[in-house]
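# A structural walkthrough
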Amino acid sequence: IPLEETLKAFEEIMASGKIKKVGLSNFSLDDFIKAQKIFDGKIFSNQVEYNISERSIESDFIPYSKNNHIPILAYNPLYLGSRSVRNFLSKLSARYEKTPFQIIINFLVQNTNIIILQGSRSFEHIKQMAEAIDFEFDDTDLIELKEISKTKIVEVIPSQVRVIITDSNILYTTIEEALQNKL
């Protein structure tokens, strides 16, 4: 279904009073801006993956959302990341007397327009999440945490990608094959 058609349907539902706001999920900045133009600037939020190891939205979507007062709903926020990130989180946990998850939550909400989407099964867990924002990082720790958990984007030339084929699996050998999905 074309985006224009979907957003027109949402506009009709909003006009009828059945919903108050429309949010999107997993839209890139370019796609979000396109949707905002189609929907006359009334898109309320974007739900995207944002965690200690997946921070690619910091370079484009977060600045845009701050400038335009658009909340970001962060899903999968408590992903711990690589071993080096987990080790550093353990050091910070000891230093600040917080759990690794509290360290992560505090770090992620440094951006004021981030809303963490995280379920809870107990009052204790809710209490721990609330206590995640009752401290501030020392500047050195914050800089090191930003650097060690920085999203690393590697650009590759698709025609130069090759995959080793094992005895038990048939795999694509190029990105073009994968895009064509012909296995």
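Look up a bit, the structure's there.
Presented here is an overview of the structure given in this document. Values in this document were obtained by computation on a predicted structure and should not be read as measured data.

## So, the overall build of the protein
A count of helical and extended segments in the protein gives 8 helices and 4 strands. Burial analysis of the protein (183 residues in total) assigns 30% to the buried set. In the protein, of all internal contacts separated by at least 6 residues, the share reaching a separation of at least 24 is 63%. Roughly 12,100 Å² of accessible area belongs to the protein as shown, and the carbon and sulfur atoms make up 54% of that amount.

## Topic: the nonpolar core
Side chains of a nonpolar character, in soluble globular proteins, are inclined to be buried together. Residues Ile-103, Phe-137 and Leu-145 are the most contacted members of the largest nonpolar core, which totals 36 residues. Looking at this core, the elements with two or more residues in it are β1 (22-25), α2 (29-38), β2 (43-49), α3 (61-67), β3 (72-75), α4 (83-96), α5 (100-108) and α7 (139-148). With residues up to four places along the chain from it excluded, the contact list for Phe-137 reads Leu-92, Tyr-96, Ile-103, Asn-106, Phe-107, Gln-110, Leu-142 and Leu-145.

## A look at the side chain of Ser-65
Following the sequence through the fold, Ser-65 ends up in helix α3. On the basis of relative accessible area, Ser-65 is assigned to the buried category, the value being 0%. Setting aside anything within four residues of it in sequence, one finds Ser-65 in contact with Ile-70, Ile-72 and Asn-113.

## With respect to α4
With 14 residues, α4 ought to run about 20 Å at 1.5 Å a step, and its terminal C-alpha atoms sit 20 Å apart, in line with that. Taken together, the buried positions of α4 are occupied by Val-85, Phe-88, Leu-89, Leu-92, Ser-93 and Tyr-96. Each buried residue of α4 sits inside an arc of 150° when the element is viewed along its axis, so together they form one side. In this structure, α4 carries Arg-83 and Ala-94 as exposed residues pointing more than 90 degrees from its buried face. Here the buried face of α4 lies against α5 and α7. Just downstream of α4 lies Glu-97, where phi reads positive at about 55°.

## Observations regarding the pattern of salt bridges
When the charged atoms of two side chains lie near each other, side chains of opposite charge can form a pair. Enumeration according to the criterion identifies 7 salt bridges in this entry. Between Asp-141 and Arg-95 there is a salt bridge; the shortest N-O distance is 2.5 Å. Separated by 46 residues along the polypeptide, Asp-141 in helix α7 and Arg-95 in helix α4 bring together distant segments of the chain. Taking the relative accessible area as the measure of exposure, Asp-141 reaches 6% and is therefore buried. Notably, a salt bridge pairs Glu-131 with Lys-127, separated by 4.0 Å at the nearest N-O pair. Of the two residues, Glu-131 and Lys-127 both sit in helix α6 (residues 123-131), 4 residues apart, roughly one turn of that helix. When its relative accessible area of 37% is taken as the criterion, Lys-127 is described as partly exposed.

Cut-offs applied
- Residues numbered from 1 in each chain as written.
- Predicted model: local features only at pLDDT ≥ 70, side-chain atom pairs only at ≥ 80, totals over all residues.
- Heavy atoms only, no water.
- Helix = DSSP H or I, 4+ residues; strand = E, 2+ residues; numbered from the N terminus.
- Buried < 20%, exposed > 50% of the residue type's maximum accessible area, 1.4 Å probe, protein only.
- Contact = heavy atoms within 4.5 Å.
- Areas by Shrake-Rupley, 256 points an atom, 1.4 Å probe, with all protein chains shown as cover.
- Core = buried A, V, L, I, M, F, W, Y, C linked by side-chain atoms within 4.5 Å.
- Expected span 1.5 Å × (residues − 1).
- Arc of directions from axis to C-beta.
- Salt bridge = Lys/Arg side-chain N within 4 Å of Asp/Glu carboxyl O.

Note that all results are geometric; they support no functional claim without further evidence.
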